[in-house]
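Chain residues, written in single-letter form:
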Amino acid sequence: MNGVRRVFQFLPLGFGLAGLAGFAAYGALSGGLVPPELVPLTGLIISGILILSNLSPLLPDESRGRYTLLLLLVYTAGILFMGLRPKGAYVFAPPGTLAFLDPALPSAYVMTMNVVGFIPLGFLFVVALTHSARLRRTSLSFLIAVLACTLISLFIEVTQHFIVTRMSSLVDLVTNAAGGIIGAAYGVVHLKVWADAVPAAGTAS
């Protein structure tokens, strides 16, 4: 049982270190990391944020909220950048020209990345809300996190509707929301495990 708790306690750290290892492997196989391509660079940044997020329970209470909120803002900015960057130049279409929330299924890879990309977002929302807003009820943090992730995804899909080189997708919205739910649920478990491991984890130590 303690082993399972340890896994849940340090899961972000494990994924972050795995991401760094993957980035290093990519560099070795591709012959170098300079200049880095966008996708592996994004993975590197995500890995760093996950590693840093796992340090938050060890910080004093007065700085934990600001720390996790900063990580959340950085990750949210990254999500918006990846979702709104054009594939080429920005070309905007008049309303009604492009499909809105197209229900067509993208590739399995795209759907997986949509889920995976929003898992850290849901997790960071729960952790940041709980620490910075002093929401002692993690269930409330969970609901706000899921709503926030869904609204961020909806904003991206609505904006993509007007960008010629992007596609507004209903499946993207659903898979992003699913990732947010998974991440938020893990965030609740993560906080509970740390609270049990470190007495008064939500208060100054």
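Keep in mind that this is a model prediction, so the values were computed, not measured.

Overview of the environment of Leu 50
Checked against the element boundaries, Leu 50 lands in helix α3 (residues 38–53). Separated by 56 residues in the primary sequence, Leu 50 and Pro 106 place their C-alpha atoms 27 Å from one another. Beyond its immediate stretch of four places on either side in the chain, Leu 50 contacts Pro 12, Leu 13, Phe 15, Gly 16 and Pro 120.

With respect to the environment of Met 111
Tracing the backbone through its elements, the reader meets Met 111 in helix α5 (residues 108–132). Given the relative accessible area of 24%, Met 111 is considered partly exposed.

Some thoughts on the side chain of His 131
Note on placement: His 131 falls in helix α5. The exposure class assigned to His 131 is buried, which follows from its relative accessible area of 9%. Beyond its immediate stretch of four places on either side in the chain, His 131 contacts Ser 56, Arg 64, Gly 65, Thr 68 and Leu 191.

Remarks on the packing of α5 against helix α7 (residues 170–197)
Relative orientation of the contacting elements α5 and α7 amounts to 40°, with a least axis distance of 6 Å. Comparing the axis directions of α5 and α7 gives the class oblique. Regarding α5 and α7, the two cross each other, and that crossing is right-handed. The residue inventory of the contact of α5 with α7, partitioned by class, reads 14 nonpolar, eleven polar and one charged.

Some remarks on the packing of aromatic side chains
Both the distance between ring centres and the angle between the ring planes are used here to describe each pair of aromatic rings. Applying the stated criterion across every chain yields a total of four aromatic pairs. Judged by centre distance (6.3 Å) and plane angle (25°), the rings of Phe 8 and Tyr 186 are stacked. Here the residue Phe 8 occupies a position in helix α1 (residues 2–9), and Tyr 186 occupies one in helix α7, the gap between them amounting to 178 residues. For Tyr 186, a relative accessible area of 14% gives the class buried. Ring centres 5.3 Å apart and planes at 35° place the aromatic pair Phe 123 and Tyr 186 in the tilted group. Here the residue Phe 123 occupies a position in helix α5, and Tyr 186 occupies one in helix α7, the gap between them amounting to 63 residues. Each of the two residues, Phe 123 as well as Tyr 186, counts as buried. Aromatic ring contacts, followed pair by pair, group Phe 8, Phe 123 and Tyr 186 into a single cluster.

Thresholds applied
Residues numbered from 1 in each chain as written. Predicted model: local features only at pLDDT ≥ 70, side-chain atom pairs only at ≥ 80, totals over all residues. Heavy atoms only, no water. Helix = DSSP H or I, 4+ residues; strand = E, 2+ residues; numbered from the N terminus. Contact = heavy atoms within 4.5 Å. Buried < 20%, exposed > 50% of the residue type's maximum accessible area, 1.4 Å probe, protein only. Axes fitted to C-alpha atoms, helices over the stretch in contact; angles between N-to-C directions. Parallel < 35°, antiparallel > 145°, perpendicular 65-115°, else oblique. Left-handed = near helix turned anticlockwise from the far one by under 90°. Nonpolar A, V, L, I, M, F, W, Y, C, P; charged D, E, K, R; others polar. Phe/Tyr/Trp six-rings, centres within 6.5 Å; stacked < 30°, edge-to-face > 60°.

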